[in-house]
Amino acid sequence: MKEPFTKFFGLAEKEQDQVKQIPVEEILPSPYQPRTIFNEERIDELCQTIRLHGVIQPIVVRRKDRIYELIAGERRLRAVKKLQIPTIPAVIREMTDSQAASAALIENLQREGLTAIEEAHAYQKLIELHDLTQESLAQRLGKGQSTVANKLRLLQLPWRVQDELLKRMITERHARALLALKEAELQLQVLNEILQRDLNVKQTEERVRKLLEKEEPRKKAKRKSYSRDLRIAVNTIRQSIKMVKQTGMEVEANEQEHEDYYQLVIRIPK
């Protein structure tokens, strides 16, 4: 997958790239690193490999004033630091902030180990950096649009839920079950139950279903009363627009009905 990734994001490797040994102490961490939690056991395993065979794949950096900024190879750099090796093989690239961010995100997305929430943040950042739709991002990454959409929906959850997902205290399927609850208070309530009672995914989905059934009668009653008020409000606005039009002004009105609200956009020329 590496070639399509780099090609579609304009990050193709250059044939003239040369590997140089640069001082570890002169390398700053990447500010665009999506991975926030590193498995120390994996770092120790990598240390053992480097101790025996050296750093086989060079890291990628870019110049930042008189020092360097890491683009790809965080785990290798951490392992080399842990072994107290003074230098590390690196490829030095010229990149803008946007290119460096994209490269760091994509390099991590190609590897296993990102949590679902880290992956979601990486997708969101790539969408912002390249002004993409979910569909175009999915095509560039070689993933299904539903996969990308489901990951991005996790960002709608309260920060505490996202944090537990980041720490792997709950699974992605637990988190996706919570999305059915629209109120953050209920989502956090069920989260506490998952953690305290060690609920599995099936039990969580059942708990969410019961809460939704409990909420439905109250929602229907509220919707019935609100609908009457809504009709009165909308009819009043329509009558007002009609009266303004009778004065000769060209008023445009666009009405759209959504699940949670009714939208009226009125445009009056100056």
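As annotated in an unreviewed UniProt entry, the protein is Nucleoid occlusion protein from Paenactinomyces guangxiensis. We quote the UniProt Sequence similarities (unreviewed entry) comment for the protein here in full: "Belongs to the ParB family."

Glancing now at the packing of helix α5 (residues 116–130) against helix α8 (residues 159–166). Between α5 and α8, whose axes approach to 7 Å, the crossing angle comes to 115°. The pairing of α5 with α8 is recorded here as roughly perpendicular in orientation. Along the contact surface, α5 presents Ala 116, Ile 117, Glu 118 and His 121, while α8 presents Trp 159, Gln 162, Leu 165 and Leu 166. Broken down by class, the residue content of the contact of α5 with α8 amounts to 5 nonpolar, 2 polar and 1 charged.

Moving on, we come to the pairing of strand β4 (residues 67–72). In terms of burial, β4 is a largely internal element, 5 of the 6 residues being buried. Pairing between strand β2 (residues 27–28) and β4: 2 bridges, direction parallel. Within the sheet, the bridge partner assigned to Leu 28 lies in β4 and is Glu 69. Looking at chain direction, strand β3 (residues 59–64) and β4 are connected through 5 bridges and run antiparallel. Its bridge partner lying in β4, Val 60 is registered against Ala 72. The hairpin formed by β3 and β4 contains 2 residues between the paired strands, and Asp 65 there has a positive phi angle of roughly 60°.

Next up on the list: the environment of Lys 202. Position of Lys 202 relative to the elements: it lies in helix α11 (residues 201–246). By relative accessible area, which is 67% here, Lys 202 ends up exposed. Between the alpha carbons of Lys 202 and Ala 177 there is a distance of 9.2 Å; along the sequence they are 25 residues apart.

Right, let's talk about the nonpolar core for a bit. Leu 154, Leu 157, Leu 165, Ile 170, Leu 178 and Val 190 are the most contacted members of the largest nonpolar core, which totals 19 residues. Residues lining this core come from more than one domain, with at least three contributed by each of domain 2 (112–155) and domain 3 (158–215). In contact with Leu 165, other than residues within four places in its own chain, are Thr 115, Ala 116, Ile 117, Leu 154, Ile 170, Thr 171, Glu 172 and Ala 175. Grouped together as the second largest cluster of nonpolar side chains are 16 residues, Val 24, Ile 50, Tyr 68 and Val 80 included.

Now for the confidence of the model for the protein. Summary statistics for the protein give a mean pLDDT of 83 and a share of 89% for residues scoring 70 or more. Averaged over each element, pLDDT in the protein is lowest for helix α1 (residues 2–8) (45) and highest for helix α9 (residues 172–178) (95). A low-confidence stretch, residues 1–9 stays under pLDDT 50, and its non-local contacts, those more than four residues away or across chains, total 22 contacts.

The next point concerns the side chain of Glu 118. Note on placement: Glu 118 falls in helix α5. Reaching out from Glu 118, the side chain makes a polar contact with the backbone nitrogen of Thr 115 at a distance of 2.9 Å. Ignoring any residue separated from it by four or fewer positions in sequence, one finds Glu 118 in contact with Pro 34, Arg 35, Thr 36, Ile 37, Gly 113 and Leu 166.

Cut-offs used in this document
- Residues numbered from 1 in each chain as written.
- Predicted model: local features only at pLDDT ≥ 70, side-chain atom pairs only at ≥ 80, totals over all residues.
- Heavy atoms only, no water.
- UniProt positions renumbered as here; feature names shortened; annotations may be inferred.
- Axes fitted to C-alpha atoms, helices over the stretch in contact; angles between N-to-C directions.
- Helix = DSSP H or I, 4+ residues; strand = E, 2+ residues; numbered from the N terminus.
- Parallel < 35°, antiparallel > 145°, perpendicular 65-115°, else oblique.
- Contact = heavy atoms within 4.5 Å.
- Nonpolar A, V, L, I, M, F, W, Y, C, P; charged D, E, K, R; others polar.
- Buried < 20%, exposed > 50% of the residue type's maximum accessible area, 1.4 Å probe, protein only.
- Pairing = 2+ DSSP bridges.
- Core = buried A, V, L, I, M, F, W, Y, C linked by side-chain atoms within 4.5 Å.
- Domains from an automatic or database assignment.
- pLDDT = per-residue confidence, 0-100.
- Polar contact = N/O pair within 3.5 Å; in protein donor to acceptor, adjacent residues only side chain to side chain.

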